[in-house]
Amino acid sequence: MRTFLISILAFIYWPVTAKAKEIPLTKGMVISTSVIIKKGVYSINSDSLSQVITITGNNITIDFNGAQLKGSNDREWPNQFYGTGILIRGGRNIILKNAVINGFKIAVTGSDCERLTIQNCNFSYNYRQKLYSSRLEEDVSDWMSFHHNENDEWMRYGAGIYLRNCNMASIHNNTITGGQCGLMMTACNDGMIRNNNFSYNSGLGIGMYRSSRNQVLNNQLDFNVRGYSHGIFNRGQDSAGILVFEQCNENIFAYNSVTHSGDGFFLWAGQHTMDTGEGGCNDNYIYRNDFSYAPTNGIEVTFSRNIIEANLIKECDNGIWGGYSFNTIISGNVFKENNSGIAIEHGQENSIEKNSFTSDKTAVKLWARKMQPTDWGYAQKRDTRSRQYKITGNSFTKNRIGINAMLTDNIILNGNVFSEVTMKIKTDTSTVIDSAKRSIQPEIKKLVSKSGPSLSKKKNQIPVVNAPHPGRKEIRITNWGPYDYNYPIIWLSALDSSQKMVFNFLGPKGQWKIVFAKGIKNISSDSGKFPATVSAEKTDNNIVIQAQYMGEKFITQQGNRIVGNQPYLFSYTCFDPSISWDVKWYKWDTANDPNKNYEKFKQIFNGTPIKTEKTKKLQYTWWGEIGKQLAADSFATVATGILQVPKGRYELGITADDLVKVFMDGKLLINFWDASKYINDDDAHHSLVIDLDGGVHGLRIEHVENAGFATLNFSLDPIPVRN
């Protein structure tokens, strides 16, 4: 009977496919029947708030046949991209396949669809922010924030695919790289996301918001990262391979490669839980994934209960960060070479069982604070004591500390094996450890039954990481996101006090040779094969190294295809203009509030500053006082300097919290003087492109800090010429 029904269905749907029309793409078209798109490249700009193509209907297939839709053709850089390529609106059983879409803020948006399928598509090289953190300094404007998405706030970051209210979606065999975010899902339940490659993006591989019972299987989600400079700072800036935010429950994440990402897996209960103490992102199953080489946390799970089983977590800051986790099982995972294998503050009734910890500095760290924040509804309405842990059957090898527990009550230890551990157990006087055998907590036993043992089928396996070598050192962040090893690059890996510079020449198979260099001398080699290491001595603050590549074909960082065996120029530049800054700080109060009356406020500059300083770089970050026993809030900064640079086109940038004005030669260039417009971290950065004639220019920067965190960071960079 089943065979007969399948035959009937095939007969019914066969004519639809056979008779599908082949049509070209046109701006504003609405597709409501099955079609095949005529193959070609369609360069069509969308309107900034609309889409090029709309798809709606039931039981239809749109086969792009490899056709490419290219947007923002009047823009040069990815942070300028705008509009949506395709909007799929309403309907059910819609299939979109074989499409190539780039150059948009969002390639495909799906809204209010049931059983939407997107397969075999490439949505790479769409929108991404320009990043302003350098090799030596973090810029706070690069931080991302996902705390709200009720009104599609996440759209400001762009996406390859953005879905809202799309239940039972199937997203498989797609590629999204060279963008900011891959797949973003809001209020999408019961979907299947499998066999996709969402790697080398500067924000997220997959993001979920209020989405439950989805299965995320066998995906490549590597190098979704920003905010990292090897050996200098490892911030991550809320990038992640997988983001699970705000009341996402009973999802399965299995057999995914999620390496070299800001966080491998980032789960937060959500604002509703923080305000009320209710709900969370609960009963998610995280099974047999590779979360290695995260600058911050391999897995972060907070204010929720979940199962974390049989994952590989290597060389992260924290293997698992589980703040305020409760009734959570952490079982059978492999931890290696992390600063902390498992770190949990204020956790309750958690089980840590049958894991292996090898060469982690601290294998398990449990602790509590004496006081909770008074503005957290969660802390006021929940029991947040650190208590009732079961740590059983684990192996500890070559750790500095096996178990470190502070202000924690009732830790049950049983059957753990310690080998070459410097300090097996470290506790304070308030911590109670019980080595007697105890039964597992009932809440955890109930959760085990939901773990989905069918996932252990042999056909499932973790995809191979797309990187030539393991380790966090392979993360190299450019102004446009992580380097993907597919195009030639000259990377500064070291600069010591003797001004010796060490460069890595990286790229596809081929030869390189230096054709021009200034600002350096004594170059160790001027030609070779990839990869290569070259040293030189710095002689100037304005460095240019231009090299020629000859080798196999490749795709540039901006998505352009370069044919093989043709000369291709690539370069390294370091521009550090010499400016002697005179910096002064002033205190202000309500009588001269800069937020109310600028003209009255600036009269404080006629008074005596509370601090003065001369500096070569205007790069300040204040987490508190600007100096010992000086202001932390309600202060103003005035910096003046003389600029002289070669004639050319430059991007002048300033990152400031909270208010800033930038003047050049007495002319106001940047005027951000309204704190109400400072909503997200990226709002702290302001920039403009300016043509300079090569003469001498006077700079004046006025900065105001209202309260809290403060920063002031000036930059001036030549505009590069694109290949």
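Scope of this entry: the structure provided in the associated data block. (Residues numbered from 1 in each chain as written. Predicted model: local features only at pLDDT ≥ 70, side-chain atom pairs only at ≥ 80, totals over all residues. Heavy atoms only, no water.)

Sheets are built from strands paired through backbone hydrogen bonds, the pairs being either parallel or antiparallel. Overall, antiparallel pairing links the four strands, which are arranged S48-S46-S50-S53 in an open sheet. Each having just a single partner strand, strand S48 (527-529) and strand S53 (568-575) make up the two edges of the open sheet. For this sheet, the mean inter-axis angle between neighbouring strands, taken without regard to orientation, is 25 degrees. Pairing between strand S46 (residues 510-518) and strand S50 (residues 542-551): eight bridges, direction antiparallel. (Pairing = 2+ DSSP bridges. Helix = DSSP H or I, 4+ residues; strand = E, 2+ residues; numbered from the N terminus. Axes fitted to C-alpha atoms, helices over the stretch in contact; angles between N-to-C directions.)

On to the packing of aromatic side chains. Two aromatic rings, taken as a pair, are described by how far apart their centres are and by the angle between their planes. Counting across every chain of the model gives 44 aromatic pairs. Ring geometry for Phe245 and Trp268: centres 4.9 Å apart, planes at 40 degrees, overall tilted. With Phe245 in strand S21 (residues 240-245) and Trp268 in strand S23 (residues 263-268), this residue pair connects regions lying 23 residues apart in the sequence. Taking relative accessible area as the criterion, Trp268 reaches 11% and is therefore assigned buried. Residues Tyr483 and Tyr487 carry aromatic rings whose centres are separated by 4.9 Å and whose planes lie at 90 degrees to one another, so their mutual orientation is edge-to-face. For the residue pair Tyr483 and Tyr487, the accessibility class agrees, reading buried in each case. Geometry around Tyr127 places Lys105 over its ring, the cationic atom sitting 4.5 Å from the centre. Note that Arg382 overlies the ring of Phe326, its terminal NZ or CZ placed 4.8 Å from the centroid. (Phe/Tyr/Trp six-rings, centres within 6.5 Å; stacked < 30°, edge-to-face > 60°. Buried < 20%, exposed > 50% of the residue type's maximum accessible area, 1.4 Å probe, protein only. Lys NZ or Arg CZ within 6 Å of the ring centre and 35° of its normal.)

For the rest of this paragraph, the subject is the sheet that holds strand S59 (residues 659-664). The strand order across the open sheet built from six strands is S55-S54-S57-S62-S59-S60, with neighbouring strands paired in antiparallel fashion. Among the strands making up the open sheet, the edge pair consists of strand S55 (611-615) and strand S60 (667-672). With direction set aside, neighbouring strand axes in the sheet form an average angle of 15 degrees.

Taken together, the side chains of Val515, Phe516 and Leu569 present a nonpolar region at the surface, about 240 Å² in accessible area. A relative accessible area of 42% means that Val515 is categorised as partly exposed. (Patch = residues over 30% accessible without salt bridge, like charges linked within 9 Å, V, L, I, M, F, W, Y side chains within 5 Å. Areas by Shrake-Rupley, 256 points an atom, 1.4 Å probe, with all protein chains shown as cover. Salt bridge = Lys/Arg side-chain N within 4 Å of Asp/Glu carboxyl O.)

Mapped onto the elements of the fold, Ser292 is located in the loop between strand S24 (284-287) and strand S25 (297-302). Of the residues examined, Ser292 reaches a relative accessible area of 1% and is grouped as buried. In this view, Ser292 contacts Val258, Thr259, His260, Leu312, Ile313, Lys314 and Cys316; residues no more than four positions away in its chain are not counted. (Contact = heavy atoms within 4.5 Å.)

By the definition in use, this model includes 19 salt bridges. For Lys27, the salt bridge goes to Asp47, with nearest N and O atoms at 3.5 Å. Taken together, the residues span a long stretch of sequence, with Lys27 in the loop between strand S1 (21-23) and strand S2 (30-31) and Asp47 in the loop between strand S4 (41-43) and strand S5 (51-55) at a distance of 20 residues. The partly exposed category is assigned to Lys27, whose relative accessible area is 48%. Judged by its relative accessible area of 44%, Asp47 is partly exposed. Put simply, Glu138 and Arg235 hold a salt bridge, and the shortest N to O gap is 3.0 Å. One end of the pair, Glu138, is in the loop between strand S12 (117-119) and strand S13 (159-164); the other, Arg235, is in the loop between strand S20 (233-234) and S21, and 97 residues separate them in sequence. Sharing partners across several salt bridges, the network here consists of Glu349, Asp383, Arg385 and Arg387.

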